[in-house]
Amino acid sequence: MRTLRVREDNASEEASLRALESLMTEFFHDCTTNERKREIEELLDNFAQQIGAWRLCLYFLSSTRNDYVMMYSLTVFENLINKMWLGVPSQDKMEIRSCLPKLLLAHHKTLPYFIRNKLCKVIVDIGRQDWPMFYHDFFTNILQLIQSPVTTPLGLIMLKTTSEELACPREDLSVARKEELRKLLLDQVQTVLGLLTGILETVWDKHSVTAATPPPSPTSGESGTVCPPRDLLSNLLQSPSSAKLLNQPIPILDAESEYMCSLALECLAHLFSWIPLSASITPSLLTTIFHFARFGCDIRARKMASVNGSSQNCVLGQERGRLGVLAMSCINELMSKNCVPMEFEEYLLRMFQQTFYLLQKITKDNNAHTVKSRLEELDESYVEKFTDFLRLFVSVHLRRIESYSQFPVVEFLTLLFKYTFHQPTHEGYFSCLDIWTLFLDYLTSKIKSRLGDKEAVLNRYEDALVLLLTEVLNRIQFRYNQAQLEELDDETLDDDQQTEWQRYLRQSLEVVAKVMELLPTHAFSTLFPVLQDNLEVYLGLQQFIVTSGSGHRLNITAENDCRRLHCSLRDLSSLLQAVGRLAEYFIGDVFAARFSDALTVVERLVKVTLYGSQIKLYNIETAVPSVLKPDLIDVHAQSLAALQAYSHWLAQYCSEAHRQNTQQFVTLVSTTMDAVTPLISTKVQDKLLLSACHLLVSLATTVRPVFLISIPAVQKVFNRITDASAQRLVDKAQVLVCRALSNILLLPWPNLPENEQQWPVRSINHASLISALSRDYRDLKPNAAAPQRKMPLEDTKVIIHQTLSVLEDIVDSVSGESTKSRQICYQSLQESVQVSLALFPAFIHQSDVTDEMLSFFLTLFRGLRVQMGVPFTEQIIQTFLNMFTREQLAESILHEGSTGCRVVEKFLKILQVVVQEPGQVFKPFLPSIISLCMEQVYPIIAERPSPDVKAELFELLFRTLHHNWRYFFKSTVLASVQRGIAEEQMENEPQFSAIMQAFGQSFLQPDIHLFKQNLFYLETLNTKQKLYHKKIFRTTMLFQFVNVLLQVLVHKSHDLLQEEIGIAIYNMASVDFDGFFAAFLPEFLTSCDGVDANQKNVLGRNFKMDRDLPSFTQNVHRLVNDLRYYRLCNDSLPPGTVKL
C-alpha cells in the first residue's frame, strides 16, 4: 500500500484506515530504515495537504484504537485549523466544530491522556480562530463541562488549555485579534474563579472531618467581618482568624477528588500568571488555596501512606504532596506581581499571615521531630516553592510591609532563621542564604537613604544579625558542621570555575561581609576570638616538630589527633579568608576609629606568615601526607592572601606613618618581606609560591614604602631574579616577581615631592634589571658583524615567550602611572622593542610567535605610545602595514585557525589605538588604514559565517569614524552661523559609503553579537555626531537601513534584539517622519510579497502617525506581527482561491 487517497465510500475508508495503521506501525518499527521513514513521512504530508483529508481523519479517530493513527489524525486537524482555516468552506467548518467536541465527549474516558489533551487543544485552536463570532458557544460549553460532575475534569483541562492558548497566543494572530481574545477572557475571569473556588471548597468540605467541630462563629471565618489591616499586621504571625479551620485534620481524599483538585489548582496557577490582581480573587478563594497548601507540610498523611504499606497508598501520599506544591505555585504567582492595587493590599496581608502560619507549622520544634527531620520528610519541590515564597516576600513586598510599625519583623526573621539553618540540602541552604543577602542589601540601602534613623533601624535588627553571623560562621567550620562539610565536593569545577566547597564558603562569607558592613564592631568581636582559637593550635605545632633522618617531621600520629588537626586547619583556612574579606571595612573614613582592631589583625597575620615560612611547614613530613600536607600548605597560602587583602590598609597606614615615621610600620613591612622571600623558590609548591608573589606585588604597587628597596630580603629577590644561573620560576610567578621589582623602581613614592623621588638612581637600577631580564632575547637580533646564531626554532620560541610575557606585563602595570614612570620604563625597554620590530618579519609565518609579539606591541601602543615618539611609532605601523599584505591576511584568517585569526585581531586592535589618538600625528595613516580594512580584510571575512575578526574590524571602522569625523565632514564655523545647522562639506565620500555599506551588510548575517555591536555603533554615531541627519545618510542610506531592520524583525532572525531594533528604526525615521509616513511606508508595503492589496491597505491604516517613541515602536511591532499573520493566512489558502 503506497498511497492514501481521500475517497468517500465506506469500504475505501476502512481500507485507508488499515493502510494508515500498517504505515504507522512500520514507521515506528525498529527495523525500518531512515530512507523508508522519509518516504512514509512524505506520503503522510501529501495526504494531509489534500482538501477534505479531515473527513477521513474524523473516521480514523472514531474507528481506530491505534495511538499513532489518532495522533497523526489530530495533527492533520491542527495543521488545517492553524494554517489553512481561512480557505476551509464554512459548511465544513461548522461540521468540524460540531463533530470534534462530540467525539471528545463520547470518548474522553477511554482515550489515552495525551490523545485526549491533544484533542482538547485542537478544539481550543478552533475557538482561538472563531470564538465568539462563528463559535459562540465555545466558552459556554467549557463552563457547562466544569459544572457537570461527570465531566468536571474534562472541563478543567479545556479551561487550562484555553488559558494557555488564548491569553498569550503565538504569532499566528493579528494584534487586534490578540487584544480581542484577552478582553473576552478577562470578561469571564470572575465566573471562572467562582467555579474553581466552588470545586475546591466542595471537595474539601465533603471530605473534612467536621463531626466533632462546631461550626465556626460568624466572625472567625474568612468571609465574616473583615479585620482592619492594622490588626492584621500586628497579628501577622499570630494564628490567622481561620486558624481553627487551618488546624482541622487534613481530609483524606479519594483518587478522583485528588485528581480534580490538582487540575483546578493547575488552572488557577496559569490564570494567576496573566490576570491582574483584583477583587475577583476573593478571600474565600485565597483561604481555600491555603487549605491545599497544607497538604505539602502534612507529614502525618505521608506517614500514614507509608505505614499502610500498599504501593497505592504511597502514590496517594505523593499525590497529596503534589497538591501542596500546586497550591504554593498559585500563591507564588500572586506574590510575584510587583504592582499591587490598594484594594488588594489587605488580601496580600492575609496571604502573608496564612503562609507564615504554615511556616510556623513547618519549623515548630517538638520532641518527636527536630525541624530538620521534618523538612527532610517534606516533598523537595514543596520546600523549593516555600523558599521561592520567602524570596518573593523579601525581594518584592518587604519594603511595602516593613514600613508598617506593627509588622513583627523580628519574629519573621526568627522563623526564616530556623527555616534556613534546618535545610536538608545544600542547594536549599544556598537559596536561603540568597534570601538573607537580599534582606541585608535592603537594610543597607534603607540605612543609606535614611542616615538619621540609622541607630533606630540597627537596634531593631541587631540581635537577629549577630545570631545570623554566628550561625553562618559555625556552618563553615568543621568543628561544628563536619558531617555536612565533608559531603561538599572540592574538586569538580562548575561554570563559574569554583568547586562546590568554594561556592559554599564564598556565599557564606558574603553574608558575613554584609553583616560586618552594618555592625562592624559586633562582627569583629564575633570573628576574631574564633580565629584566635584556631591560630593557637597552628602556632602550637612547633613543639611537635622533630628532626628525622630526611628532614623535619610532625610528631602527631594518633588517628583521632590527625583528624582533629585536619578539621582545625581547614577551619583556620576558612577563617583567614573571612578575615581577609573584611579588610575593606577598616579603611577610608573609619581608618582611625578602627585602627587598633586592624592593627591587631595585621600583626597576627604577619606573625603567622613568618612562622610558616621559618619552620617550613610546607616541607614537613606528616603521618597522613595526602591530607595534612595540603592542609598546611593551604593555611600558609591563605595567611599570605589575607595579609595581601590588608594592603590598602597598610597603604593608608604608610601615609599616616610618613608623617610620624613610626618604627611599627617599618617592622610590619620588613617582617612581611622576611616571610615572603624564602617562598620565592622553585622548591616551593605553586599554590604557596603564587600567594607569596601576589603579596609582594601588592607591597610594591599598593603600599609603596620608600624603604622597601633597602630591605635585605628585597635585595635577595633582586639578586635571584637577575642571576642568569638561577633556576627560572614557573611562568606566572616569574611574571609577578618581575612586575613587583619593576614597580619598586618605577612607581612614585606617596607623599614625597618630585625632587626626593631619587629618579636618576632608580632609572639606572631599572635599566640594569630589564637588561638582565632581556639578555637572551636581545642576543637573538641579527646584525652584520655576527649573523644570527643558529638556534633550534623551539628554543628561540621559548626565549621569545618567556621574555615578552615579562616585558608586556611590566609595561601594562605602568600604563596608568605618571609620565616619569613611563619614561623610565621605555628607556629601559627601548632596545628590546627595537629587537622585536627587527625580528617580526622573520616570524610572520609562525602565528604563535606573531601573536605574542603583537600582544607586546598592543600593550606598548596602549601604555607608552607618547614615550615611543612619533617617528618610531610610524615605523612600527608602516612595518605592520607592509607585512600584512592581502595574501598574508588570507593565510592567517583562512588557514591558520584560531591563532591566525587572533594575530589579525591584535593587529586591528593596534590600529584602533592609532585611529583614536587625538591631534594630527597619525592622521596621514587614515587612508591606508581604511583601505586595509575595506579592500583587504573585509573581502576575506565578509562572506564567512564565522564571527572571527569581524567584531574587531567593525570596532576599528567605528573608532575611525567616531574619532576622525572631520576626515569625512568638514564643518566650518561660518557655515554653521549662516545656515543655522551646518550642512558640512563631504570629503572621502566613497570610503564613507563603503563603510556604511559594510555595516548594512552585517545586519543581514546571522551572528547576533555582531548585529548588536554594530547597531550600538550606529546609534552612538548618531547620538554623538548626528549620523542619521547627515545629508549623504539621509538621502541615500536612511531608508535602506530602516528597510533592512524591518525585514530582520519580519524574519524573526534576531528576536532577542527586538527592542533595540525598534528604537533604532524610530531614531532613523524621526530624522524625516514626513518622508517615512508619506513615501517609505507605502513603498515598503508595496514591495512586500505574500500579501494582497487590501491587506496592505489595512497594514498601512493600522500604522498610526504617532511620533513619540513608545507609540511608534508599538506600531512597528504591530506592523511586523500582522504582516507575518497575513502571510501565514495567505499561504494556507488552497490554490486558486478567490480573495475578496
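Residues numbered from 1 in each chain as written. Predicted model: local features only at pLDDT ≥ 70, side-chain atom pairs only at ≥ 80, totals over all residues. Heavy atoms only, no water.

1. Observations regarding the overall build of the chain
For clarity, the threshold we go by: In this text, helices come from DSSP runs of H or I with a minimum length of four residues, and strands from runs of E with a minimum of two, each type numbered from the N-terminal end. Only protein chains enter the accessibility calculation, which uses a 1.4 Å probe. A residue is then buried if its area is under 20% of the maximum for its type, exposed if over 50%, and partly exposed in between. Note on areas: Shrake-Rupley, 1.4 Å probe, and residue coverage restricted to the protein chains presented here.
Looking only at helices and strands, the chain features 52 helices and 4 strands. Among the 1140 residues that make up the chain, the fraction classed as buried is 54%. Per element, the accessible surface of the chain, about 51,200 Å² overall, is 53% carbon and sulfur.

2. Some thoughts on helix 9 (residues 175–207)
Note the cut-off: The span one expects for a helix is its residue count, reduced by one, times 1.5 Å. The bend reported for a residue corresponds to the angle between axes fitted to the seven residues ending at that residue and the seven starting there.
Its 33 residues place the ends of helix 9 46 Å apart at the C-alpha level, agreeing with the 48 Å of an ideal helix rising 1.5 Å per residue. The largest bend in helix 9 amounts to roughly 45° and is located at Val189.

3. Things to note about the packing of helix 12 (residues 255–272) against helix 13 (residues 283–293)
Rules: Here, axes are lines fitted to C-alpha atoms. For helices the fit covers the stretch in contact, and angles between N-to-C directions go from 0 to 180 degrees. By the definition adopted for this analysis, an angle is roughly parallel if under 35 degrees, roughly antiparallel if over 145, roughly perpendicular if from 65 to 115, and oblique otherwise. We call a crossing left-handed when the near helix sits turned anticlockwise from the far one by less than a right angle, and right-handed when that turn is clockwise. By definition in these notes, contact holds between two residues if any of their heavy atoms fall within 4.5 Å.
For the pair helix 12 and helix 13, interaxial distance at closest approach is 12 Å and the crossing angle is 125°. As far as their axial angle goes, helix 13 and helix 12 are oblique. As for how helix 12 packs across helix 13, the hand of that crossing is left-handed. For the pair helix 12 and helix 13, the contacting residues are Cys261, Leu265, Leu268 and Phe272 in the first and Leu285, Ile289 and Phe292 in the second.

4. Notes on the side chain of His108
By the secondary structure assignment, His108 is in the loop between helix 5 (90–107) and helix 6 (113–130). For His108, a relative accessible area of 12% translates into the label buried. If near-sequence neighbours (up to four positions away) are discounted, His108 is found in contact with Arg116, Val150, Thr151 and Leu154.

5. Regarding the environment of Asp379
One can find Asp379 in the loop between helix 17 (371–377) and helix 18 (380–402). Along the primary structure Asp379 and Cys297 are separated by 82 residues, whereas in three dimensions their C-alpha atoms are 8.3 Å apart.

6. Re the packing of helix 37 (residues 847–868) against helix 40 (residues 897–916)
Inclusion rule: Charged residues are taken to be Asp, Glu, Lys and Arg, nonpolar residues to be Ala, Val, Leu, Ile, Met, Phe, Trp, Tyr, Cys and Pro, and polar residues to be all remaining types, Gly included.
Here helix 37 crosses helix 40 at 15°, and the two axes come no closer than 9 Å. One way to sum up the angle between helix 37 and helix 40 is to call them roughly parallel. Once helix 37 is placed against helix 40, the crossing between them reads as left-handed. Contacts from Ser847, Asp848, Thr850, Asp851, Leu854, Ser855, Phe857, Leu858, Phe861, Arg862 and Arg865 of helix 37 reach helix 40 at Thr899, Gly900, Arg902, Val903, Lys906, Phe907, Lys909, Ile910, Val913 and Val914. Taken together, the residues of the contact of helix 37 with helix 40 sort by class into 9 nonpolar, 5 polar and 7 charged.

7. What to know about the pairing of strand 2 (residues 551–554)
Our working rule: DSSP bridges decide pairing: two strands pair if at least two such bridges lie between them.
Bridging between strand 1 (residues 545–548) and strand 2 involves 4 bridges; their strand directions are antiparallel. The residue bridging Ser548 from the neighbouring strand is Gly551, located in strand 2. Counting the residues that bridge the hairpin from strand 1 to strand 2 gives 2 residues.

8. Here we look at the packing of aromatic side chains
Put simply, the test is: Each pair of aromatic rings taken from Phe, Tyr and Trp, with Trp reduced to its six-membered ring, is defined by centres within 6.5 Å and is described as stacked if the planes are under 30 degrees apart, edge-to-face if over 60, and tilted in the remaining cases.
Throughout the structure, instances matching the rule amount to 72 aromatic pairs. Ring geometry for Phe439 versus Tyr461: centroids 5.5 Å apart, planes at 75°, classification edge-to-face. One end of the pair, Phe439, is in helix 20 (residues 426–449); the other, Tyr461, is in helix 21 (residues 454–475), with 22 residues separating them in the sequence. Note on accessibility: Phe439 and Tyr461 belong to one class, buried. Between Phe524 and Phe528, the ring centres sit 5.3 Å apart and the planes meet at 20°, which makes this aromatic pair stacked.

9. Here we look at the state of the cysteines
Applicable threshold: Note on terminology: disulfide denotes any pair of cysteine sulfur atoms within 2.5 Å.
One pass over the full model with this rule turns up 0 disulfides. For Cys693, which is in no disulfide, the shortest distance to another cysteine sulfur is to Cys738 and amounts to 9.6 Å.

10. Observations concerning the pattern of salt bridges
What counts here: The salt bridge definition used is simple: a Lys or Arg side-chain nitrogen within 4 Å of an Asp or Glu carboxyl oxygen.
One pass over the full model with this rule turns up 41 salt bridges. Of the charged contacts in the structure, one is a salt bridge between Asp125 and Arg128, with a shortest N-O distance of 3.9 Å. Taken together, the residues span about one helical turn, with Asp125 and Arg128 both in helix 6 at a distance of 3 residues. Taking relative accessible area as the criterion, Arg128 reaches 0% and is therefore assigned buried.

11. Some points on the confidence of the model for the chain
The test is simple: A residue's pLDDT is the predictor's confidence in that residue, given on a scale from 0 to 100.
When pLDDT is averaged along the chain, the result is 86, and 90% of the positions lie at 70 or above. Contacts of residues 211–230 to residues separated by more than four positions or lying in other chains number 18 contacts, the stretch itself having pLDDT below 50. Ignoring residues within four places in sequence, the model shows residues 303–314, a span with pLDDT below 50, making 8 contacts including any to other chains.

12. Looking at unusual backbone geometry
Peptide bonds are mostly trans, and most non-glycine residues show a negative phi. Trp131 connects to Pro132 through a cis peptide bond whose omega is 0°. Residue placement: Pro132 occurs in the loop between helix 6 and helix 7 (138–147). Although it is not a glycine, Gln497 adopts a positive phi angle of roughly 60°. Locating Gln497 in the fold gives a position in the loop between helix 22 (478–487) and helix 23 (500–518). The backbone of Gln758 sits at a positive phi, close to 55°, despite the residue not being glycine. Along the chain, Gln758 turns up in the loop between helix 32 (731–746) and helix 33 (759–773). Judged by its relative accessible area of 45%, Gln758 is partly exposed.

13. Considerations on helix 49 (residues 1058–1069)
Here helix 49 contains 12 residues, and its C-alpha end-to-end distance of 16 Å stays within 8% of the 16 Å for a straight helix at 1.5 Å per residue. Buried within helix 49 we find Ile1061, Gly1062, Ala1064, Ile1065, Tyr1066, Met1068 and Ala1069.

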